[in-house]
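# Observations on the model geometry
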Amino acid sequence: MRGQECVSAVVKALEIGYRHLDTADSYENHREVAQGIKQSGIKREELFITTKVRRDDLHTQNLLDAAHRFLEELHTDYVDLLLIHWPNKAIPVGESLEAMEQLRSEKIIRTIGVSNFTIRHIEEVLKTGIEVASNQVEFHPSLNQKELKNFCDQNKIVITAYSPLARGYDLELPVIKDLSQKYGKTPSQVILNWLVNKGLVAIPKSSNPQRLLENFQSLDWQIDPQDMELIDNINENHRAVTPVFAEFDY
Ligand SMILES: NC(=O)c1ccc[n+]([C@@H]2O[C@H](COP(=O)([O-])OP(=O)(O)OC[C@H]3O[C@@H](n4cnc5c(N)ncnc54)[C@H](OP(=O)(O)O)[C@@H]3O)[C@@H](O)[C@H]2O)c1
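Heads up: these notes are all about the structure in this document. (Residues numbered from 1 in each chain as written. Predicted model: local features only at pLDDT ≥ 70, side-chain atom pairs only at ≥ 80, totals over all residues. Heavy atoms only, no water.)

## Some remarks on the overall build of the chain
The following threshold applies: Helix and strand assignments come from DSSP, with helices taken as H or I runs of at least 4 residues and strands as E runs of at least 2, each series counted from the N terminus. Atoms considered for the radius of gyration are the C-alpha atoms alone. The globule rule reads 2.2 Å times the number of residues to the power 0.38. Each residue is placed in one exposure class: buried if its accessible area under a 1.4 Å probe, protein chains only, is under 20% of its type's maximum, exposed if it is over 50%, and partly exposed if it falls in between.
The number of helices and strands found in the chain is ten helices and seven strands. Whereas a compact globule of 250 residues would reach a radius of gyration of roughly 18 Å, the chain reaches 18 Å, a difference of no more than 12%. With the C-alpha coordinates aligned to their principal axes, the bounding extent of the chain is approximately 55 × 40 × 30 Å. Across the 250 residues of the chain, 50% fall into the buried class.

## A look at the site of the ligand
Quick reminder of the rule: Nearness here has a simple test: a residue counts as near a molecule or strand if at least one of its heavy atoms is within 4 Å of that partner. Counted as a polar contact is a pair of N or O atoms within 3.5 Å, where, for protein atoms, one must be capable of donating a hydrogen and the other of accepting one, and residues adjacent in sequence contribute only when both atoms are in side chains. Only the protein chains shown count as covering a residue, and every accessible area follows the Shrake-Rupley method with a 1.4 Å probe. Two kinds of site are reported from a 1 Å grid over the protein atoms alone, namely cavities, where a 1.4 Å probe fits but cannot get out, and pockets, open sets with protein on both sides within 12 Å along at least five of seven lines, and residues are called lining when an atom falls within 4 Å of a point. Criterion for pocket placement: a molecule counts as inside a cavity or pocket if more than half of its atoms are within 2 Å of its grid points. Classes in brief: Ala, Val, Leu, Ile, Met, Phe, Trp, Tyr, Cys and Pro nonpolar; Asp, Glu, Lys and Arg charged; the others, Gly included, polar.
Taken together, the neighbourhood of the ligand is formed by 25 residues, with Asp22, Ser163, Arg167, Ser206 and Arg211 sitting nearest. Here Tyr27 contributes a side-chain N or O atom positioned 3.4 Å from a nitrogen atom of the ligand. Protein chains bury 82% of the 900 Å² of accessible surface belonging to the ligand in isolation. One can see that the ligand is located within the largest pocket. Ranked by residues supplied to the shell around the ligand, first place goes to helix α9 (residues 209-216) with three residues. Classifying every residue of the shell around the ligand by side-chain character gives nine nonpolar, ten polar and six charged.

## Notes on the sheet that holds strand β1 (residues 20-22)
Which entries qualify depends on this criterion: Should DSSP find at least two bridges between two strands, the strands are regarded as paired.
A sheet is described by the order of its strands in space; here seven strands give the open sequence β1-β2-β3-β4-β5-β6-β7, paired in parallel fashion. Edge positions in the sheet fall to β1 and β7 (201-202), since each of these pairs with one other strand and no more. Where β1 meets strand β2 (residues 48-53), three bridges bridge the pair, whose relative direction is parallel. Residue pairing in the sheet places Asp22 in a bridge with Thr50 of β2.

## Describing the packing of helix α1 (residues 3-16) against α9
Each pair of packed helices can be summarised by the angle the axes make with each other and by the distance between the axes. As a reminder, the rule being used: Lines fitted to the C-alpha atoms define the axes, with helices restricted to the stretch that makes contact. Angles between their N-to-C directions range from 0 to 180 degrees. Two helices cross in a left-handed way if the nearer one is turned anticlockwise from the farther one by less than a right angle. They cross in a right-handed way if the turn is clockwise. Only heavy atoms matter for contacts: two residues are in contact if any of them lie within 4.5 Å across the pair.
Viewed as axis vectors pointing N to C, α1 and α9 meet at an angle of 35°, and their least axial separation amounts to 10 Å. Relative to α9, the crossing made by α1 is right-handed. The segment α1 lies against α9, with Ala9, Lys12, Ala13 and Ile16 engaging Pro209, Leu212, Leu213 and Phe216. Of the residues assigned to the contact of α1 with α9, the class counts are seven nonpolar, no polar and one charged.

## Points about the pairing of strand β6 (residues 158-162)
Summarising burial for β6: four of the five residues are buried, a large majority. Pairing of strand β5 (residues 134-138) with β6 involves five bridges; the strand directions are parallel. Considered in β6, the bridge of Ser134 is made with Val158. Where β6 lies against β7, two bridges are found, and the strand directions are parallel. Considered in β7, the bridge of Ala161 is made with Ala202.

## Quick word on the environment of Thr242
Summarising the element assignment, Thr242 is placed in the segment after α10 (225-232). Considered as a pair, Thr242 and Glu138 are 104 residues apart in the sequence and their alpha carbons are 10.0 Å apart.

## Quick notes on the side chain of Gln145
By secondary structure assignment, the location of Gln145 is in the loop between β5 and α6 (146-154). Judged by relative accessible area, Gln145 falls into the buried class, the value being 15%. Each residue touching Gln145, except ones within four places of it in the same chain, is listed here: Val137, Glu138, Phe139 and Arg239.

## As for the side chain of Ser134
Along the chain, the position of Ser134 falls in strand β5. In terms of polar contacts, Ser134 uses its side chain to reach the backbone carbonyl oxygen of Val158, at 2.8 Å. A polar contact is formed between the side chain of Ser134 and the side chain of Thr160, at a distance of 2.8 Å.

## Concerning the nonpolar core
We count it as follows: Buried Ala, Val, Leu, Ile, Met, Phe, Trp, Tyr and Cys residues that are joined via side-chain atoms within 4.5 Å together make up what is termed a nonpolar core.
With 59 residues, the main nonpolar core has Leu82 and Leu97 as its most contacted residues. Among the elements that line this core, the one with the most residues is helix α3 (residues 60-74), at seven residues. Sequence-distant contacts of Leu97, that is, excluding residues within four places in its chain, are made with Ile84, Ile112, Val125, Thr128, Ile130 and Val132.

## Some thoughts on unusual backbone geometry
Phi at Lys107 takes a positive value of approximately 60°, unusual for a residue other than glycine. Position of Lys107 relative to the elements: it lies in the loop between α4 (93-105) and β4 (109-115). One non-glycine residue, Arg167, adopts positive backbone phi at about 55°. With respect to the helices and strands, the residue Arg167 is situated in the loop between β6 and α7 (174-183). Relative accessible area serves as the criterion here: at 66%, Arg167 is assigned to the exposed category.

What follows is the structure, given as structure tokens:
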């Protein structure tokens with residue numbers, strides 16, 4: 001989202017009660033996010049702001065410069081979670097993580113994270129001994145990354161599920177539609193409930209006020225364990241996000 005669409009969505013989301021905002025340098029909307037926050041009147045300390053460094057900015061000085069620019073664009077003194085947006089084999093991950101550790105010690109960021117990392121990428125992260133709070137990856141019923149989830153659980157890394165609705169694809173899955181009927185909840189609410197029940201963080205995108213509210217109201221009920229299992233078994237290895245530079249096969 002960019003421009004006024006982004007500002008309005010941030011204002012509406014914060015009014016509804018959302019407090020976690022997920023942005024990225026490559027979305028080119030830091031200033032709009034900041035404007036939405038300002039208009040909402042919500043205090044900075046009540047918010048959790050995540051942003052991401054581009055995969056071309058992972059050398060030390062580029063990363064440090066980018067992070068300082070983010071503070072200015074986001075009108076803030078700190079970022080709650082800074083992610084490496086995409087892994088880049090050409091730049092040693094230890095170099096980027098050390099720069100992020102420096103930002104953390106200077107209180108420019110609160111926590112360090114990664115995104116689109118496979119098990120092998122995370123093994124390299126673990127070798128550095130630098131603590132990584134979250135791996136943000138595509139995760140939804142038709143892309144249920146069980147092995148990656150187990151590996152992250154074992155290493156106390158929270159998975160943040162991006163494209164949690166598979167950009168709409170998973171809303172049409174027969175199992176999801178059946179459960180939506182059974183519980184009197186919308187397909188989106190069934191999926192978001194399943195994700196959070198599994199211990200993931202979910203970051204659905206909507207610029208529509210009604211759907212923002214619908215997604216926010218997905219957690220005040222409980223799916224039965226046997227229905228959790230039905231969704232667990234859907235997996236189709238369906239990816240919605242596949243840029244050419246992705247290292248999913250690494
Ligand atoms: N780390 C990464 O590499 C990465 C990659 C992709 C995305 N992300 C993050 O993940 C966020 C969400 O991912 P996404 O936008 O790719 O996919 P998504 O959240 O799965 O799907 C968004 C789409 O679903 C629609 N939608 C939202 N709620 C709905 C509902 N209740 N019922 C029906 N349709 C609904 C939205 O339309 P309307 O807006 O019209 O409601 C939009 O077209 C992004 O905003 C971004 O912050 C991160």
